[in-house]
Amino acid sequence: MTRIARLLPIVLIALAACTTVSPEAKVRAKLIEAGVKPPVASCMAERLVDRLSLAQLKRLQSLSGLARKDVNAMSIDEIAHRLRGLDDPEITAVVLKTGLGCSIGF
């Protein structure tokens, strides 16, 4: 087997890893889709990915109706109510603190 043939699988794996979408990019895209301004979405995505586990991020994604409703039109009480419905106080606290902190900066 030639040297190039032995390296090919390694190169293909490396290329596949480069094309995988990061959790931060997924969170940012979902926030923008929900109506969050791109600079705020970028700020929030970075912080959410750092502070929540992947399981918590998946639970957060399960919030129904947010993708269909512009979050800018929602009150903080309505957002908090929906977050509390996930029954995970850490998700609620992290999302609200992150949203507030990132919104103030932009």
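On a predicted model such as this, the values are computed, not experimentally measured, just so you know.

Caption draft 1: Spatial organisation of the overall build of the protein chain. Along its length, the protein chain carries six helices and zero strands. Helices (α) and strands (β) of the protein chain occur, in sequence order from the N terminus, as α-α-α-α-α-α. Looking at the 106 residues of the protein chain, the share that counts as buried comes to 28%. The long-range share in the protein chain, meaning contacts at least 24 apart out of those at least 6 apart in sequence, stands at 55%. In the form shown here, the protein chain has an accessible surface area of approximately 7400 Å², with 63% of it arising from carbon and sulfur atoms.

Caption draft 2: Geometry of the nonpolar core. Counting 19 residues, the largest nonpolar core has L31, M44, L48, L52, L60 and I91 as its most contacted members. For this core, the secondary-structure elements that each account for two or more residues are α2 (23-33), α3 (38-51), α4 (54-61) and α6 (89-105).

Caption draft 3: Here's a closer look at α3. Between the first and last C-alpha of α3 there are 20 Å, a value that for 14 residues agrees with the 20 Å anticipated at 1.5 Å per step. Listed as buried for α3 are V40, A41, C43, M44, A45 and L48. In this structure, the buried side of α3 is in contact with α2, α4 and α6.

Caption draft 4: Up close: the confidence of the model for the protein chain. In the predicted model, the protein chain carries a mean pLDDT of 82, and the fraction of residues at 70 or more is 74%. Ranking the helices and strands of the protein chain by mean pLDDT puts α3 first, with 95, and helix α1 (residues 3-19) last, with 56.

Rules used throughout
- Residues numbered from 1 in each chain as written.
- Predicted model: local features only at pLDDT ≥ 70, side-chain atom pairs only at ≥ 80, totals over all residues.
- Heavy atoms only, no water.
- Helix = DSSP H or I, 4+ residues; strand = E, 2+ residues; numbered from the N terminus.
- Buried < 20%, exposed > 50% of the residue type's maximum accessible area, 1.4 Å probe, protein only.
- Contact = heavy atoms within 4.5 Å.
- Areas by Shrake-Rupley, 256 points an atom, 1.4 Å probe, with all protein chains shown as cover.
- Core = buried A, V, L, I, M, F, W, Y, C linked by side-chain atoms within 4.5 Å.
- Expected span 1.5 Å × (residues − 1).
- pLDDT = per-residue confidence, 0-100.

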